[in-house]
Amino acid sequence: MKRSSRIKRTLSATAALALACTTLTACFEEPAPHEAIRDFLVGWKQEQYDLAAARTDADPKVVAKALSDAKLDLDANSFEFKINSVKRSGDQATADFTAEVDLGENNPLWVYDGALPLRVVDGRWKVHWSPSVLHPKLGEGQRFAVPTKPVGRRAIVDRDGASLQTDMQLYVVGVTPGQLGADAEEVCDRLAGITGYAADRLLSKVRSSPPSDFVPLVTLGAKRHQELRAQLQDIKGIQINQEPHPVAPADPKGIVGSVSTLTARGEQQLGGPQRAGDSIGRSGLQRAYQDHLTGSTVTKVVTLDLKTGEEVAVLDELESQRDAVEVHTTIDSSIQRAAQTAVQGASAGTLVAVEASTGKILAVSTAGSYDQIKDSLDGEYPGGTAMSIVAAYALLKADRDPKMKLPCAPRRTVGGAWFENSGTQSVQQTPSGTLQSNFANGCVTGLASLARLVDAEQLLRSSEELGIGKPWKLPLASFSGKWPQTPGDAEKAQAIAGQTMQISPLSMALIAGSLASGTWNPPLLVTKPTSPDPSQATLPQAQPAAVPLDAKARDSLVSMMRLGVRAGTARPAGTVNGVHGIRADVPGKTLSWFVGWQGDVAIAVLVDKADPSALAGRFFSAVGNSS
């Protein structure tokens, strides 16, 4: 009896233990799949591939390699994930997510929706692994690839849409990945050693590209290519393609600017979207509008068959963050050629032409050491006796007679300041001179004496109406001029003689344009895009408004400017019909100005040790011959 009871108790205990063993897994089972989802996606994002792989139901080594290969095949900078929903049914679940993949190289984010299938394995939630975990359309035996096709640099064009660049031969160094086999890393290491580019970036470009595509890795100019050619040809698998690129500037070369390929060192210094090997503007409009002229890339994300290398599916076509566009300028190429013709033979100087009725810059030419931006647009030069335009305009607005008596003496003091006619031109000195004759002949002593007839406020207001000191907006550095403080007769006389005020040739041309059209207009160089790259300059919010001139005073000044080429010292410019203008010397210097116009084309010429009127005459003659 006792033995029978013991047997019953033993059997009951065994049954209870068996029951406990069947429910033990359930007792320690994860209650929800959220930790598995978190561990997998965090591991994937942070490149902790072992963490992610441990949360799958497949061989951890296989999964870790697949995640690592996906990053390499996409050449991805980073992955970001957002869980949209988690749906559970018993011991199975699905987590829907959105992935944002930064493909780098100035590409937009690749955004796609994916799903993680999960199931309980030995009491733990696991991601049920297959390649479709990485992307719903990625199958077995397939890989990602990112073929890209950069769009070439856009052109800078003149007012008629004609390119202001000519072709330059560049050398594109690259590879076809499928031809490299196991040597891809060695090829990239050797190329990096020769060029200074980062080997890992070169290799990433190769690995993320379809095996049959030519992958450009480095772009070289002719000089650099010549230096490296022998070393490059020694690398098996390297291909060098010679390609024409429209980047060599046509006139006006300084305004258009130069372009080169960005070096590896330059890439580090510059930062931003540009990559080593890209074309980059180094000066002028090419630099100011760099991000407008470049940046378009056609990028696809595809799947490839691992065995054949053939494309299986296009997962996405990514639109570029911006479209490269042409830069439309106001340059008139025929007038530019005339300007180039005019300055030929001059030792040093510049000619700037504007459209009088609009302020559009039509041409900029230079000779000698003069620079089209630093001197023509942004130069700070004494205005010489051309600044008598300011004084004459002020007097004429006050109803002074252009024929008022104004002697032209060999030398004179005004307020204690000494003036004499010792410029490079021959001035007719006469005690019976008039305002208009002194103006036409550039008589320094006669013009300086105007200081006694006009007050400082009148001079300042007149200079402002003629655009001096206006805060205009250009995409390149420029200078509108600066009128000095003139508290006494001496200071006024020095300003009228152009000794103490500074002005650029561009601003002087705009003064001529205001007299020709009756309205001062701010300068305009680029019509599209409407603004340059924000990083290149600090610009005012809007252009200053156009300023209509006093009609009566302007009419008198037009007659006086006509007298300058008919009977004054600007006669060499008057060989062409319809030219108005004056020649103006800078007292104490060898610089001379011509300021004038013909029709709707207004110019300023500044030269050293030469007659600016003769250059103006050649210019207007060339313009007439080209029309």
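Criteria and cut-off values
Residues numbered from 1 in each chain as written. Predicted model: local features only at pLDDT ≥ 70, side-chain atom pairs only at ≥ 80, totals over all residues. Heavy atoms only, no water. Helix = DSSP H or I, 4+ residues; strand = E, 2+ residues; numbered from the N terminus. Expected span 1.5 Å × (residues − 1). Buried < 20%, exposed > 50% of the residue type's maximum accessible area, 1.4 Å probe, protein only. 1 Å grid on protein atoms, 1.4 Å probe; cavity = no way out; pocket = protein on both sides within 12 Å on 5 of 7 lines; lining within 4 Å. Points joined across faces, edges and corners; volume = space filled by probe spheres on them. Nonpolar A, V, L, I, M, F, W, Y, C, P; charged D, E, K, R; others polar. Core = buried A, V, L, I, M, F, W, Y, C linked by side-chain atoms within 4.5 Å. Contact = heavy atoms within 4.5 Å. Pairing = 2+ DSSP bridges. Axes fitted to C-alpha atoms, helices over the stretch in contact; angles between N-to-C directions. Parallel < 35°, antiparallel > 145°, perpendicular 65-115°, else oblique. Left-handed = near helix turned anticlockwise from the far one by under 90°. Disulfide = S-S within 2.5 Å. Phe/Tyr/Trp six-rings, centres within 6.5 Å; stacked < 30°, edge-to-face > 60°. Patch = residues over 30% accessible without salt bridge, like charges linked within 9 Å, V, L, I, M, F, W, Y side chains within 5 Å. Areas by Shrake-Rupley, 256 points an atom, 1.4 Å probe, with all protein chains shown as cover. Salt bridge = Lys/Arg side-chain N within 4 Å of Asp/Glu carboxyl O. Lys, Arg positive; Asp, Glu negative; His and termini not counted. Charge placed at Lys NZ, Arg CZ, Asp CG, Glu CD. Polar contact = N/O pair within 3.5 Å; in protein donor to acceptor, adjacent residues only side chain to side chain.

Draft legend 1. Representation of helix H4 (residues 60-74). The end-to-end C-alpha separation of H4 is 21 Å, in line with the 21 Å expected for 15 residues at 1.5 Å each. Along H4, the residues that are buried comprise Val63, Ala64, Leu67, Ala70, Lys71, Asp73 and Leu74. Positive phi appears at Asp75, one or two residues downstream of H4, with a value of about 50 degrees.

Draft legend 2. Region of the structure containing empty space enclosed by the protein. Throughout the structure, instances matching the rule amount to one cavity of 30 Å³ or more. The calculated volume of the largest cavity comes to roughly 40 Å³. Every residue along the wall of the largest cavity is listed here: Val354, Glu355, Ala356, Gly359, Leu510, Gly513, Ser514, Thr519, Trp520 and Asn521. Listing elements by their share of the lining of the largest cavity, those giving two or more residues are strand S16 (349-355), helix H20 (505-517) and strand S22 (519-520). Residue composition of the lining of the largest cavity, by class: four nonpolar, five polar and one charged.

Draft legend 3. Representation of the nonpolar core. Of all hydrophobic cores here, the largest spans 85 residues; its most connected members are Met387 and Trp593. Other than its neighbours up to four places away in sequence, Met387 contacts Ile468, Trp483, Ala495, Ile496, Gly498, Met501, Ile503, Met508 and Ile511. Counting 38 residues, the second-largest nonpolar core is a separate cluster that includes Ala64, Ala93, Leu103 and Leu134.

Draft legend 4. Broad picture of the sheet that holds strand S23 (residues 526-528). Strand order in the open sheet formed by three strands is S7-S15-S23, and the pairing between neighbours is mixed. Since the sheet does not close on itself, it has two edges, and those belong to strand S7 (156-157) and S23, each with one partner. Of the pairings in the sheet, the one linking S7 to strand S15 (residues 327-329) comprises two bridges and is parallel in character. Looking at S15, one finds that Val157 is bridged to His328.

Draft legend 5. View of the sheet that holds strand S8 (residues 165-175). Taken in spatial order, the three strands make up an open sheet running S9-S8-S10, and their pairing is antiparallel. If you trace the sheet from one side to the other, it starts and ends with strand S9 (215-220) and strand S10 (239-249), each paired once. Here the average twist between neighbouring strands, direction ignored, is 40 degrees. Pairing of S8 with S9, which is carried by five bridges, proceeds in the antiparallel orientation. Within the sheet, the bridge partner assigned to Tyr171 lies in S9 and is Leu220. The sheet strands contacting helix H8 (residues 222-233) are S8, S9 and S10, and the helix crosses S9 at an angle near 125 degrees.

Draft legend 6. Representation of the packing of helix H15 (residues 388-397) against helix H21 (residues 551-566) within the structure. It is at 9 Å that the axes of H15 and H21 come closest, and there the two elements cross at 135 degrees. By the angle between their directions, the pair H15 and H21 is classed as oblique. Considering the relative orientation of H15 and H21, their crossing is right-handed. The segment H15 lies against H21, with Ile389, Ala392, Tyr393, Leu396 and Lys397 engaging Ala553, Ser556, Leu557 and Met560.

Draft legend 7. Examining the state of the cysteines more closely. Applying the stated criterion across every chain, the model contains one disulfide. Between Cys408 and Cys443 runs a disulfide, and the two sulfur atoms are separated by 2.0 Å. Its torsion about the S-S bond being 100 degrees, the disulfide of Cys408 and Cys443 is classed as right-handed. Taken together, the positions of Cys408 in the loop between H15 and strand S19 (411-414) and Cys443 in the loop between helix H16 (435-441) and helix H17 (444-448) put the pair 35 residues apart, joining distant regions of the chain. In terms of burial, Cys408 and Cys443 fall into one category: buried.

Draft legend 8. Broad picture of the packing of aromatic side chains. The full count for this structure, using the stated rule, is ten aromatic pairs. The interplanar angle of 75 degrees and the centroid separation of 5.9 Å between the aromatic rings of Phe81 and Phe97 together place this pair among those described as edge-to-face. Here Phe81 is found in strand S1 (residues 78-89), whereas its partner Phe97 is found in strand S2 (residues 92-102), with 16 residues between them in sequence. For Phe97, a relative accessible area of 1% gives the class buried.

Draft legend 9. Representation of a negative patch on the surface in the model. There is a patch of like negative charges on the surface, built from Asp183, Glu185, Glu186 and Asp189. Summarising the element assignment, Asp183 is placed in the loop between helix H5 (177-180) and helix H6 (184-195).

Draft legend 10. Examining the environment of Thr445 more closely. Assignment of secondary structure puts Thr445 in helix H17. Exposure remark for Thr445: the relative accessible area of 0% places this residue in the buried category. A C-alpha to C-alpha distance of 8.6 Å links Thr445 and Ala497, two positions 52 residues apart in sequence. Once residues lying within four places of it in the same chain are set aside, the contact partners of Thr445 are Cys408, Ala409, Pro410, Arg411, Arg412, Phe419, Glu420 and Asn421. Within polar-contact distance, the side chain of Thr445 engages the backbone oxygen of Ala409 at 2.5 Å.

Draft legend 11. Broad picture of the packing of H15 against helix H18 (residues 456-465). Look at H15 against H18: their axes get within 9 Å of each other, and the N-to-C directions meet at 110 degrees. In terms of orientation, H15 and H18 fall into the roughly perpendicular class. Taking contact as the criterion, the partners of Val390, Ala391, Tyr393, Ala394 and Lys397 in H15 are, on H18, Gln458, Leu459, Ser462, Ser463 and Glu465. Here the residues of the contact of H15 with H18 are counted per class, giving five nonpolar, three polar and two charged.

Draft legend 12. Up close: the pattern of salt bridges. Under the defined criterion, the tally for this structure stands at 22 salt bridges. Notably, a salt bridge pairs Asp57 with Arg119, separated by 3.0 Å at the nearest N-O pair. In this pair, Asp57 sits in the loop between helix H3 (49-54) and H4 while Arg119 sits in strand S3 (residues 110-121), placing the two residues 62 residues apart along the sequence. Among the residues examined, Arg119 registers a relative accessible area of 36% and is labelled partly exposed. As a salt-bridge pair, Arg554 and Asp555 come within 3.5 Å of each other at their nearest N and O atoms. A residue is classified by how much of its surface remains accessible, and Asp555, at 43% relative accessible area, is partly exposed. Taken together, the shared-partner salt bridges connect Glu35, Arg38, Asp39 and Arg55 into one network.

Draft legend 13. Focus on the environment of Pro523. Counting through the fold element by element, Pro523 comes out in the loop between S22 and S23. Taking relative accessible area as the criterion, Pro523 reaches 0% and is therefore assigned buried. Distance from Pro523 to Val354, taken between C-alpha atoms, is 8.0 Å for residues 169 residues apart in sequence. Here Pro523 is in contact with Gly359, Ile361, Trp472, Lys473, Leu474, Leu506, Leu510 and Gln543, once residues within four sequence places are set aside.

Draft legend 14. Looking closely at the pairing of strand S26 (residues 591-598). In terms of residue burial, S26 counts as a mostly covered element, since eight of its eight residues are buried. Direction of pairing for strand S25 (residues 579-585) relative to S26: antiparallel, over a ladder of seven bridges. Residue pairing for S26: Val579 is matched across the bridge by Gln598. Hairpin connection from S25 to S26: five residues lie between these consecutive antiparallel strands, with Gly588 at a positive phi of about 80 degrees. Between S26 and strand S27 (residues 601-608), which pair antiparallel in sequence order, lie two residues; one of them, Gly599, sits at a positive phi of approximately 60 degrees.

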